[in-house]
Amino acid sequence: SLGAIHRAHMNVSQLRITAPPTWTFHPFDQLVIGRPDSAIGGLQISTAFRHDTPAASHSDCLALARQFALRDATTPTFDVSEEHSGDILFGGFSFTLGSDFSRVWYRHSRGQLLLAIYQCPHERLSDAAAELRDAEQIAHASEYTPKHLTKRWSERRTAARAHLR
């Protein structure tokens, strides 16, 4: 489809997404939509909540993840998780709303916050186990490129193009 990117790595708005090649991604203004070939559910990665938050905690990230996923809903959450490895904070929670199951993750690294949500029909949850595992791996492995590196790469591309002229 038009605008779809179907490969293991892609870069969108300084966001490097690492995913199995069975997933297709569609970049939008402040959102990237991912859909696996099995098409039971889908993954949304928000670039709208990217913040320069060098001293964030799990509770800070969780609060923003709840705001992203639940907005003003008072839906109970379950299966809350958090892990810390080096400078990476990773965690998430699940909830059901209506007939949909949702799993939300946050990944905080180098002062940048990535938020992702996987959703599928609740009655198809057992069929979506592989998609859910993939979505968690995508959320865990994807990250923002630091701004200073993005600027440096952009300068190198500009210089290379000028050299080719």
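The structure we're discussing is the one just above.
Quick notes on the rules
- Residues numbered from 1 in each chain as written.
- Predicted model: local features only at pLDDT ≥ 70, side-chain atom pairs only at ≥ 80, totals over all residues.
- Heavy atoms only, no water.
- Core = buried A, V, L, I, M, F, W, Y, C linked by side-chain atoms within 4.5 Å.
- Buried < 20%, exposed > 50% of the residue type's maximum accessible area, 1.4 Å probe, protein only.
- Helix = DSSP H or I, 4+ residues; strand = E, 2+ residues; numbered from the N terminus.
- Contact = heavy atoms within 4.5 Å.
- Salt bridge = Lys/Arg side-chain N within 4 Å of Asp/Glu carboxyl O.

**Student:** Describe the nonpolar core, and please don't skip the residues or the numbers.
**Tutor:** By size, the foremost hydrophobic cluster in this structure holds 21 residues, and its most contacted members are I17, W23, L43, I45, W105, Y118 and I138. Contributions of two or more residues to this core are made by β2 (15-18), β3 (23-27), β5 (42-46), β8 (100-109), β9 (112-121) and α2 (129-141). With four residues, the single largest contributor to this core is β9. Residue contacts for L43: discarding those within four places in its chain leaves W23, V32, I33, G34, W105, A116, I117, Y118, A135 and I138.

**Student:** Any details on the pattern of salt bridges? Residues and values, ideally.
**Tutor:** Counted under the stated rule, the structure contains four salt bridges. Measuring nitrogen to oxygen at the nearest pair gives 3.0 Å for the salt bridge that ties R110 to E143. Highlighted residues: R110 in the loop between β8 and β9 and E143 in strand β10 (residues 143-144), separated in sequence by 33 residues. Looking at R110, the relative accessible area reads 45%, which means it is partly exposed. The closest approach of N and O atoms between D127 and R124, which form a salt bridge, is 3.0 Å. Assessed through its relative accessible area of 34%, R124 is described here as partly exposed. What you see here is one network of salt bridges that share partners, running through R107, R110 and E143.

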